[in-house]
Amino acid sequence: MAFDYLIVGAGFAGAVLAERLATQLGKRVLIVDKRTHIGGNAFDTYDESGILIHPYGPHIFHTNSLEVIDYLSQFTQWRPYQHRVLGSVEGQLVPIPFNMDSLKTLFPSEYAARLERKLVERYGYGVKQPILEMMNESDADLKYLAEYIYKNVFLGYTLKQWERKPDELDASVTSRVPVNISKDDRYFGDKYQMMPLHGYTKMFERMLFHPNIKVMLNTDYREIAEIVPFDKMIYSGPVDAFFDYRYGKLPYRSLHFEHRTLDTAQYQPTGTVNYPNEYAYTRISEFKYITGQTHDKTSIVTEYPRSDGDPYYPIPMPEFNALYKRYEADALLEDKVLFVGRLATYKYYNMDQIVAQALSVFNKQILPNEPRAD
Ligand code: FAD
Ligand code: UDP
């Protein structure tokens with residue numbers, strides 16, 4: 001059987017495009033993944049105790065895009081969920097992003113009140129202020145506070161996660177977690193925050209359940225690309241691997257996930273606790289908060305950053321962006337291959353951004369150039 005498209009990777013990028021090609025254009029699609037499951041890094045599954053876990057770390061859905069929600073809502077119902085994170089700072093657990101309650105917990109009350117007044121005067125109540133911008137403050141109190149937050153919330157965590165200081169990375173990395181000039185204690189600021197009611201994998205199953213879509217797991221695309229006839233390819237693996245590292249390796253950061261199930265109903269006070277200052281790990285997440293499941297036991301995951309292992313994070317820094325640009329130029333010359341997704345476009349994108357990217361590739365690059373197959 002010949003396929004119109006070979007899609008490499010069954011994560012969000014690959015699954016959205018498989019679904020669009022099959023349902024909107026009647027194309028025959030083969031989607032392959034070298035892992036033994038669909039869903040990419042968003043894959044979820046029940047562990048031995050029957051608790052729904054995210055094997056590749058906690059995945060919380062949040063977006064400002066109604067288009068993305070409308071699209072995914074064809075395949076799942078939702079459960080409202082707002083993620084809350086505490087960080088271990090000077091022996092106390094305080095809200096992260098650092099907010100006015102973190103300030104009051106960590107500083108004597110009069111000084112905290114003065115700092116809060118100054119923050120509101122300087123930035124306005126409700127503002128989300130990136131830490132690296134706050135560091136340029138001229139006011140002595142605000143500069144002191146910015147340096148305190150930098151040192152106690154950002155420096156250690158970022159050194160562990162990236163092996164680099166915050167200011168060596170693109171400012172967009174640390175501005176994902178701003179300072180909240182308010183009591184807002186939600187980890188994400190997006191308008192829509194929710195979880196797929198029956199999990200991500202169920203949602204992916206519904207996206208890919210179509211007579212025109214064949215799924216092949218446990219298979220590197222290179223094992224079958226010479227054997228199975230296909231017309232065009234969509235590639236969502238690492239872009240440097242596609243080109244056999246011809247310009248050298250693009251660095252990605254990896255993680256080791258330590259999963260544990262505990263014989264207690266609750267382990268920690270919130271979905272994730274960050275450890276910027278102690279231990280080799282960055283954070284511990286407890287899945288039942290995130291999924292809403294009730295169970296006598298609880299399952300947690302601890303994240304240990306590392307440089308080798310599966311590629312999870314592109315490293316947003318000018319020199320690596322420049323190296324990516326060389327690969328991107330070659331990718332644009334491949335007229336039968338489209339590169340989509342976090343690894344293939346070397347972008348530190350969340351799930352909703354990947355869905356938006358895949359929909360945009362379909363609407364702008366595929367739809368205008370492809371006749372319907374039936
Ligand atoms: P992936 O999900 O990585 O899928 C790519 C697939 O391609 C993989 O399954 C891989 O096996 C396959 N592949 C690669 N090479 C080959 C090959 N040669 N042959 C066959 N198959 C191949 N986003 C959020 O919005 N909210 C969160 O809370 C969140 N938390 C995260 C936590 C962690 C620890 C990590 C690492 C990421 C998190 N993300 C989160 C980001 C999210 O995982 C990504 O945005 C999204 O999964 C990217 O989808 P993708 O399809 O581009 O890539
Ligand atoms: N960060 C930090 N301290 C924290 C939380 C985040 O320094 O307590 C920084 C760190 O550099 C991290 C980045 O902000 O890599 C983005 O954090 P986020 O939680 O968005 O990372 P992800 O969930 O993508 O791993």
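Residues numbered from 1 in each chain as written. Chains lettered and ligands numbered in written order. Predicted model: local features only at pLDDT ≥ 70, side-chain atom pairs only at ≥ 80, totals over all residues. Heavy atoms only, no water.

### Brief notes about the sheet that holds strand 11 (residues 192-196)
Part 1: Strand order in the open sheet formed by three strands is 5-11-6, and the pairing between neighbours is antiparallel. This sheet does not close on itself; its edge strands, each paired only once, are strand 5 (61-63) and strand 6 (78-80). Pairwise comparison of adjacent strand axes, ignoring direction, gives a mean angle of 40 degrees for this sheet. (Pairing = 2+ DSSP bridges. Helix = DSSP H or I, 4+ residues; strand = E, 2+ residues; numbered from the N terminus. Axes fitted to C-alpha atoms, helices over the stretch in contact; angles between N-to-C directions.)

### Some words on the pairing of strand 1 (residues 3-8)
Part 1: In terms of burial, strand 1 is largely enclosed, as six of its six residues are buried.
Part 2: Of the pairings in the sheet, the one linking strand 1 to strand 13 (residues 230-235) comprises five bridges and is parallel in character. Of the residues in strand 13, the one forming a bridge with Val8 is Tyr235.
Part 3: The sheet contact formed by strand 1 and strand 2 (residues 29-32) spans four bridges and is parallel. Note that in strand 2 the partner of Ile7 across the bridge is Ile31.
Part 4: Handedness of the crossover joining strand 1 and strand 2 through helix 1 (residues 12-25): right-handed. (Buried < 20%, exposed > 50% of the residue type's maximum accessible area, 1.4 Å probe, protein only. Right-handed = clockwise from strand over helix to strand, strands pointing away.)

### Some points on the site of ligand 2
Part 1: Among the 15 residues in the neighbourhood of ligand 2, the closest are listed as Trp162, Arg176, Tyr187, Tyr313 and Tyr348.
Part 2: The contact in question runs from an oxygen atom of ligand 2 to an N or O atom on the side chain of Trp162, over 2.8 Å.
Part 3: The separation between an oxygen atom of ligand 2 and a polar side-chain atom of Arg176 is 2.8 Å.
Part 4: Out of a free accessible area of 530 Å², ligand 2 has 94% covered by protein chains.
Part 5: Among the residues forming the shell around ligand 2, the class breakdown is 10 nonpolar, three polar and two charged. (Near = heavy atom within 4 Å. Polar contact = N/O pair within 3.5 Å; in protein donor to acceptor, adjacent residues only side chain to side chain. Areas by Shrake-Rupley, 256 points an atom, 1.4 Å probe, with all protein chains shown as cover. Nonpolar A, V, L, I, M, F, W, Y, C, P; charged D, E, K, R; others polar.)

### Quick word on the packing of helix 4 (residues 109-123) against helix 6 (residues 140-162)
Part 1: It is at 10 Å that the axes of helix 4 and helix 6 come closest, and there the two elements cross at 100 degrees. For the element pair helix 4 / helix 6, the angle class is roughly perpendicular. Every residue of helix 6 that contacts helix 4 at Tyr111, Arg114, Leu115, Lys118, Leu119 and Arg122 is listed here: Asp141, Leu142, Tyr144 and Leu145.
Part 2: Class assignment of the residues belonging to the contact of helix 4 with helix 6 gives a composition of six nonpolar, no polar and four charged. (Parallel < 35°, antiparallel > 145°, perpendicular 65-115°, else oblique. Contact = heavy atoms within 4.5 Å.)

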